[in-house]
Amino acid sequence: MQMNIVVQADKAAFGSGRAQHANALIEDAGLRIDSERRRGRGAGMNPTGRFEAESRHVYDDGWETIEDLPPFKTEVQLEKPRTIITRNDSPDISFDRSINPYRGCEHGCIYCFARPTHSYMGLSAGLDFESKLFAKPDAAKMLDRELSKPGYTAKTIAIGTNTDPYQPIEKKWRIMRDILQVLEAHQHPVGIVTKSALVMRDQDILARMAEKGLAKVCLSVTTLDGKLARTMEPRASTPTRRLQALRSLSDAGVPVGVMVAPVIPGLNDHEIERILDSARAMGALEAGYVLLRLPLEVSPLFKEWLLRNYPDRYRHVLSLVRSMRDGKDYDAEWGKRMRGDGPYAWQIGRRFEIAAKRLGININKRRLRTDLFEPTPGNEQLSLF
């Protein structure tokens, strides 16, 4: 029911009413959360999770109770999973295992493809995803046990592929630093993707691991426009701070790269070359990009955000997205979901490749070592018994 309103708004935006009519439909339906309650957040709605039997709506009964509702504050619950290493067999990505220290992400990036996972917790992919977070404080201990199991074979563990391991709550919980200490002890390779300059806090560990060929870090830079970044990814580090993190890590001997992700046609795709130029100047020697993905609840959340912040660009952006997704908001087909299809997608790919080649990026991608792995660090003598 709630998302049907966004569907109607989308049709109105492409019809005679245009964006003004579309915004009015969402406002009148009571889907938008008051700006004061969601200050500093990315999503403008908090729709009921898709697995819930009941749908909850904000309704003003005339007693001014809506104005009395408290703002969304960050809450952290403990999660105790049975395993900490997640396996995957996707042909679209280069790793087969990853670690997610947190569920949900305070950065609040409106385009985050991980938002729908909050529905499995009975929560919303909207504001709940940004404010009701889950931490895994036993992650390092679990990792130590899993790496020590007989028969474990070392391959690069990717961290930051779902939610950001260096989101603001990491300052307090320090789960990521504990994980890195375990990986260093086992001499296990790790690749990190983040939007946070907080990664520089662990530069000492990363530098020691990188010296042995065991670590590299990739900073995700979506835009160099501070205003757009503040609106689109409100609690992530500023673009300038991310570039500074690249410089600092590179100077410390840590191999660094940049992810231009996501590329949003009609909004930030004109920045591809500038981002690569800036990242290369800071020491990045590897780069990649991912086209905007709008699976499940991400689609209506992104549409509402676009109508609210860039109503004049709504039709242009969505038209380009659909031109690369076979007329749909999203196509999950292997081989297409990351890059899209069609002439515009081809143009984005060629622009990226030409710019990367000109800058000497991706010429020699560094492969991390796996031959140094120690299943039982510091206890080598136990294997004699």
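All values derive from a computational prediction rather than experimental measurement.

Novice: I would appreciate a short explanation of the overall build of the chain in the present structure.
Specialist: Secondary structure summary: the chain contains 13 helices and 10 strands in total. Over its C-alpha atoms, taken along the principal directions, the chain stretches across nearly 75 × 50 × 35 Å. Counting all 385 residues of the chain, 52% fall into the buried class. For the chain, restricting intrachain contacts to residue pairs at least 6 apart in sequence, the fraction spanning at least 24 positions comes to 79%. Surface summary for the chain: the accessible area is close to 18,200 Å², and the carbon and sulfur share equals 51%. Across the chain, the mean location of the 58 positive side-chain charges is 4 Å away from that of the 50 negative side-chain charges.

Novice: Quick question: what am I supposed to make of the sheet that holds strand 1 (residues 75-78) here?
Specialist: Sheet strands pair by backbone hydrogen bonding; their relative direction is either parallel or antiparallel. The sheet built from three strands is open, its strands ordered 1-5-4 with mixed pairing. Looking at which strands have only one partner, the edges of the open sheet turn out to be strand 1 and strand 4 (102-103). Both strand 1 and strand 5 (residues 132-135) contribute to a ladder of four bridges, which runs parallel. Bridge pairing links E75 to K132 in strand 5.

Novice: Mind showing me how you'd approach the packing of aromatic side chains here?
Specialist: Two aromatic rings are characterised by how far apart their centres lie and by the angle between their planes. On inspection of all chains with the given rule, the structure shows six aromatic pairs. Consider the rings of Y152 and F373, whose centres lie 5.5 Å apart with planes at 55°: the pair is tilted. Taken together, the residues span a long stretch of sequence, with Y152 in the loop between helix 4 (139-147) and strand 6 (157-159) and F373 in the segment after helix 13 (343-359) at a distance of 221 residues. In this arrangement the basic side chain of R293 is found over the ring face of F113, its NZ or CZ atom lying 4.5 Å from the centre.

Novice: In this structure, what is going on with the pairing of strand 5? I would like to understand it.
Specialist: Each regular strand shows side chains that alternate between the opposite faces of the sheet. As judged from the two bridges shared by strand 4 and strand 5, these two strands associate in the antiparallel manner. Its bridge partner being in strand 5, Y102 is matched across the sheet by A135.

Novice: Even after reading the chapter, I still don't get helix 7 (residues 203-211), so can you show me in this structure?
Specialist: Think of an α-helix as 3.6 residues a turn; residues three or four steps apart then line up on the same face. Among the residues making up helix 7, those that are buried are Q203, I205, L206, A207, M209 and A210. A positive phi of about 80° marks G213, the residue just after helix 7.

Novice: Before we go on, may I ask you to explain the state of the cysteines in this structure?
Specialist: Structurally, a disulfide amounts to a covalent bond that connects the sulfur atoms of two cysteines. Scanning the entire structure with this criterion turns up zero disulfides. For the unlinked cysteine C109, the closest cysteine sulfur is that of C105, found at 6.2 Å. On the basis of relative accessible area, C109 is assigned to the buried category, the value being 8%. Free of any disulfide, C218 has its nearest cysteine sulfur in C109, 14 Å distant.

Novice: Looking at this model, I keep getting lost on helix 4. Mind explaining?
Specialist: Listing the buried residues of helix 4 in full gives A139, A140, M142, L143, E146 and L147. Mapping the buried residues of helix 4 onto a view down its axis gives an arc of 160°, with all of them on the same face. For helix 4, the exposed residues set more than 90 degrees away from the buried face come down to K141 and R145.

Definitions and cut-offs
Residues numbered from 1 in each chain as written. Predicted model: local features only at pLDDT ≥ 70, side-chain atom pairs only at ≥ 80, totals over all residues. Heavy atoms only, no water. Helix = DSSP H or I, 4+ residues; strand = E, 2+ residues; numbered from the N terminus. Buried < 20%, exposed > 50% of the residue type's maximum accessible area, 1.4 Å probe, protein only. Contact = heavy atoms within 4.5 Å. Areas by Shrake-Rupley, 256 points an atom, 1.4 Å probe, with all protein chains shown as cover. Lys, Arg positive; Asp, Glu negative; His and termini not counted. Charge placed at Lys NZ, Arg CZ, Asp CG, Glu CD. Pairing = 2+ DSSP bridges. Phe/Tyr/Trp six-rings, centres within 6.5 Å; stacked < 30°, edge-to-face > 60°. Lys NZ or Arg CZ within 6 Å of the ring centre and 35° of its normal. Disulfide = S-S within 2.5 Å. Arc of directions from axis to C-beta.

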